[in-house]
Amino acid sequence: MRTASETRSVRAPRGAERTAKSWGAEAAKRMLMNNLDPEVAEHPEDLVVYGGTGRAARSWEAFDAIVRTLDELEPDETLLVQSGKPVGVFRTHEWAPRVLIANSNLVGDWATWPEFRRLEQLGLTMYGQMTAGSWIYIGTQGILQGTYETFAAVARSLGRVDSTGSAAGLEGTLTLTGGAGGMGGAQPLAVTLNGGAVLIVDVDESRLARRVDHGYLDEYTTDLDAAVARVAAAKAAGEARSVGVVGNAAEVFPELLRRHTAGELAVDIVTDQTSAHDPLAYLPLGVAFEDWKAEASADPEAFTRRARESMAAQVAAMVGFQDAGAAVFDYGNSIRAEAQLGGFERAFEFPGFVPAYIRPQFAEGRGPFRWVALSGDPDDIRKTDRAVMELFPDDAGLVRWLEKAGDAVHFEGLPARICWLGYQERHLAGLKFNEMVASGELSGPIVIGRDHLDAGSVASPYRETEAMADGSDAIADWPLLNALLNTASGAAWVSIHHGGGVGIGRSIHAGQVTVADGTALAAEKLERVLTNDPGTGVMRHVDAGYERAKEVARDRGLKVPML
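Residues numbered from 1 in each chain as written. Predicted model: local features only at pLDDT ≥ 70, side-chain atom pairs only at ≥ 80, totals over all residues. Heavy atoms only, no water.

A. Expanded view of the nonpolar core. Of all hydrophobic cores here, the largest spans 102 residues; its most connected members are Trp 135, Trp 371, Phe 433, Val 447 and Trp 493. Counting residues in each nonpolar core, the second largest holds 38 residues, with Val 243, Met 311, Met 318 and Phe 344 among its members. (Core = buried A, V, L, I, M, F, W, Y, C linked by side-chain atoms within 4.5 Å. Buried < 20%, exposed > 50% of the residue type's maximum accessible area, 1.4 Å probe, protein only.)

Written as structure tokens, this is what we have:
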């Protein structure tokens with residue numbers, strides 16, 4: 001007999017009519033439901049959105065209670081959600097967030113995977129990942145532009161130029177990567193949008209099939225030789241082509257290194273986005289795919305040890321590629337730390353993507369700005385795309401991205417878009433969207449959020465704050481200040497999480513979401529939140545000593561008392 005959770009399908013309401021008493025509560029409800037839309041979530045029957053175990057709610061009972069409470073919530077009340085469970089409603093005021101969320105947070109000495117899993121089994125917590133437990137996940141598109149920006153930076157670092165001497169993309173290069181899940185699945189399209197060829201490895205054939213269905217991957221095969229032949233031909237022809245292969249990265253990466261060093265294949269760039277942050281979400285060598293869950297549940301400690309040993313084999317191959325001249329970087333999934341625990345001492349010999357490629361943008365408060373059309377009308381996204389291009393016509397990279405995204409990105413769930421904007425830019429887009437809602441140009445309100453991966457919202461020494469100039473990698477005051485400031489500034493909902501994409505004990509991060517509903521009050525909130533939120537990124541990098549951040553603060557009027 002099937003359970004309710006196995007048969008249940010969730011889809012967010014569309015349109016300009018609401019059942020909640022405010023658009024803040026209605027937006028939170030729709031985005032929670034959108035996270036669990038089968039088009040969006042990896043395993044919606046288990047409330048898992050992405051990242052192996054990242055959930056939107058602790059249980060279906062909790063999900064129902066959240067939805068019911070949001071519909072009943074007064075415009076001057078705030079719902080508190082503790083690791084996916086609604087625990088209280090309090091009278092606040094109309095400027096306060098309608099929801100405050102805390103996920104997976106553990107006191108320092110207890111912040112370990114075994115302790116977290118013990119508490120999770122008792123029903124006391126859940127893993128919220130980043131945008132899963134904060135209800136602002138927009139499918140694989142959510143990380144696509146950040147990944148696109150990263151690979152564009154890789155191209156620049158390799159000195160790629162076209163026939164005129166101008167900066168070029170990745171034409172004529174081959175990228176090897178692993179992990180085609182909700183986040184990793186953005187990699188193949190990000191590479192091909194930059195003009196390169198890419199081979200992506202995943203143990204789960206259904207993930208590769210889904211990426212093909214949604215336009216993020218051109219093709220996949222179970223035959224490694226066939227996959228290699230196809231990407232090698234694309235590289236030789238300077239063709240943008242993505243090919244997936246079903247296999248275990250811990251086995252495939254060493255084999256491709258052998259071929260690379262033997263001169264049978266030339267790999268230029270290597271990275272990875274397997275779910276390495278959680279050893280139980282990484283399939284060890286010698287374990288059949290169909291036995292994965294059973295073996296992980298039967299003996300988590302032994303499974304963790306075997307997974308780390310397999311990660312060590314994969315990372316050893318990645319270091320081997322670097323030794324052979326390839327550009328190699330960690331894409332923020334803690335695989336280096338896990339490989340080191342698995343016995344590979346050279347795991348940290350290649351850098352993380354933030355210090356290698358992205359930090360200069362963070363110093364300007366530049367990062368992921370995402371928005372969702374609550375109407376469900378794709379035309380609302382097309383109109384907002386045009387509006388952003390008109391606001392920032394001199395940003396050639398932004399215009400190019402939005403033009404490409406409009407052609408290439410498949411909407412999953414509610415139509416959405418993402419682009420990277422900086423300090424003193426995001427609020428301009430938010431105010432424009434609010435005007436478009438007020439005038440009736442858009443057919444419904446717009447939700448505006450971001451990834452937790454942003455300039456000032458994360459303390460994560462293996463990712464966003466790796467190798468800070470002043471050594472402040474692990475200081476977690478910054479995301480807490482970010483969350484407090486966004487709460488004070490009028491965000492619709494604010495969240496503080498632990499773990500995210502790097503695992504328990506390795507990060508603290510904060511998220512915020514605002515709503516453009518066309519009202520004057522929304523405009524006031526949008527201007528404050530979307531100025532202050534990226535401003536904390538500039539502030540954080542000023543404090544760490546980055547000269548570019550100091551220039552931005554001075555030029556754009558950010559008050560930093562000790563600057």
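B. Summary view of the packing of aromatic side chains. Inspection of every chain in the model, using the stated rule, returns 16 aromatic pairs. Centroid distance Phe 116 to Tyr 127: 5.8 Å. Interplanar angle 75°. Geometry classified as edge-to-face. In this pair, Phe 116 sits in helix α4 (residues 113–121) while Tyr 127 sits in the loop between α4 and α5 (141–157), placing the two residues 11 residues apart along the sequence. A centroid spacing of 5.9 Å and a plane angle of 65° characterise the contact between Phe 151 and Phe 329, whose relative ring orientation is edge-to-face. Of this pair, Phe 151 sits in helix α5 while Phe 329 sits in the loop between β11 (327–328) and α12 (335–341); the two residues are 178 residues apart in sequence, bridging distant segments of the chain. For the pair Phe 151 and Phe 329, a shared accessibility class is recorded, and that class is buried. An aromatic cluster of three or more residues is present, and its members are Phe 151, Phe 329, Tyr 331, Phe 353 and Tyr 357. (Phe/Tyr/Trp six-rings, centres within 6.5 Å; stacked < 30°, edge-to-face > 60°. Helix = DSSP H or I, 4+ residues; strand = E, 2+ residues; numbered from the N terminus.)

C. Structural view of the pattern of salt bridges. Summed over all chains, the structure comprises 40 salt bridges. Across the pair Arg 259 and Glu 255 runs a salt bridge whose closest N-O atoms are separated by 2.8 Å. Taken as a pair, Arg 259 and Glu 255 lie in helix α9 (residues 249–261) at a separation of 4 residues, close to a single helical turn. Given the relative accessible area of 13%, Arg 259 is considered buried. Given a relative accessible area of 23%, Glu 255 falls into the partly exposed group. Put simply, Arg 548 and Glu 551 hold a salt bridge, and the shortest N to O gap is 3.1 Å. Residue Arg 548 and its partner Glu 551 are located together in helix α19 (residues 547–556), separated by 3 residues, close to a single helical turn. Overall, Arg 548 belongs to the partly exposed group, its relative accessible area being 32%. (Salt bridge = Lys/Arg side-chain N within 4 Å of Asp/Glu carboxyl O.)

D. View of the sheet that holds β11. Read across the sheet, 6 strands follow the order β8-β9-β7-β6-β10-β11 without closing on themselves; strand pairing throughout is parallel. Each edge of the open sheet carries a strand with a single partner, namely β8 (219–221) and β11. Bridge analysis of strand β10 (residues 269–270) against β11 gives 2 bridges, and the strand direction is parallel. In the sheet register, Ile 269 faces β11, and the bridge partner there is Ala 327. (Pairing = 2+ DSSP bridges.)

E. Region of the structure containing the environment of Ala 152. Note that Ala 152 resides in helix α5. With a relative accessible area of 13%, Ala 152 lands in the buried category. Separated by 42 residues in the primary sequence, Ala 152 and Asn 194 place their C-alpha atoms 6.4 Å from one another.

F. Quick look at empty space enclosed by the protein. Tallied over the full model, the rule gives 5 cavities of 30 Å³ or more. Within this model, the largest cavity holds a volume of roughly 270 Å³. Here the second largest cavity defines a volume of roughly 140 Å³. Classifying every residue of the lining of the second largest cavity by side-chain character gives 7 nonpolar, 5 polar and 2 charged. (1 Å grid on protein atoms, 1.4 Å probe; cavity = no way out; pocket = protein on both sides within 12 Å on 5 of 7 lines; lining within 4 Å. Points joined across faces, edges and corners; volume = space filled by probe spheres on them. Nonpolar A, V, L, I, M, F, W, Y, C, P; charged D, E, K, R; others polar.)

G. Quick look at the packing of helix α16 (residues 426–439) against helix α18 (residues 520–543). Their axes nearest at 8 Å, the elements α16 and α18 cross at an angle of 160°. The orientation of α16 with respect to α18, classified from their angle, is roughly antiparallel. Crossing geometry of α16 relative to α18 is assigned as right-handed. Here Arg 426, His 427, Gly 430, Leu 431 and Asn 434 of α16 lie close against α18, whose contacting residues are Ala 522, Ala 523, Leu 526, Glu 527, Leu 530, Thr 531, Asp 533 and Pro 534. (Axes fitted to C-alpha atoms, helices over the stretch in contact; angles between N-to-C directions. Parallel < 35°, antiparallel > 145°, perpendicular 65-115°, else oblique. Left-handed = near helix turned anticlockwise from the far one by under 90°. Contact = heavy atoms within 4.5 Å.)

H. Molecular detail of the side chain of Asn 35. Assignment of secondary structure puts Asn 35 in helix α2 (residues 23–35). Residue Asn 35 is classed as buried on the basis of its relative accessible area, which comes to 0%. Excluding residues that lie within four positions of it along the chain, Asn 35 makes contacts with Val 40, Ala 41, Val 49, Ala 56, Thr 131, Ala 132, Trp 135, Ile 136 and Tyr 137.

I. Up close: the layout of surface pockets. Of the pockets and cavities examined, the largest pocket occupies roughly 880 Å³. In terms of lining, the largest pocket is formed by 23 residues, of which the most central are Val 48, Gly 52, Thr 53, Leu 280 and Lys 293. Broken down by secondary-structure element, the contributors of at least two residues to the lining of the largest pocket are α4 and α10 (292–298). Sorting elements by how many residues they give to the lining of the largest pocket places α4 first, with 5 residues. Looking at side-chain class alone, the lining of the largest pocket contains 10 nonpolar, 5 polar and 8 charged residues.

J. Main features of α16. The first and last C-alpha atoms of α16 sit 20 Å apart over 14 residues, in line with the 20 Å expected at 1.5 Å per residue. Every buried residue of α16 is accounted for by Arg 426, His 427, Ala 429, Gly 430, Phe 433, Asn 434, Met 436 and Val 437. Buried residues along α16 sit against β12 (367–373), α14 (378–391), β13 (416–421), β14 (446–449), β17 (508–516) and α18. (Expected span 1.5 Å × (residues − 1).)

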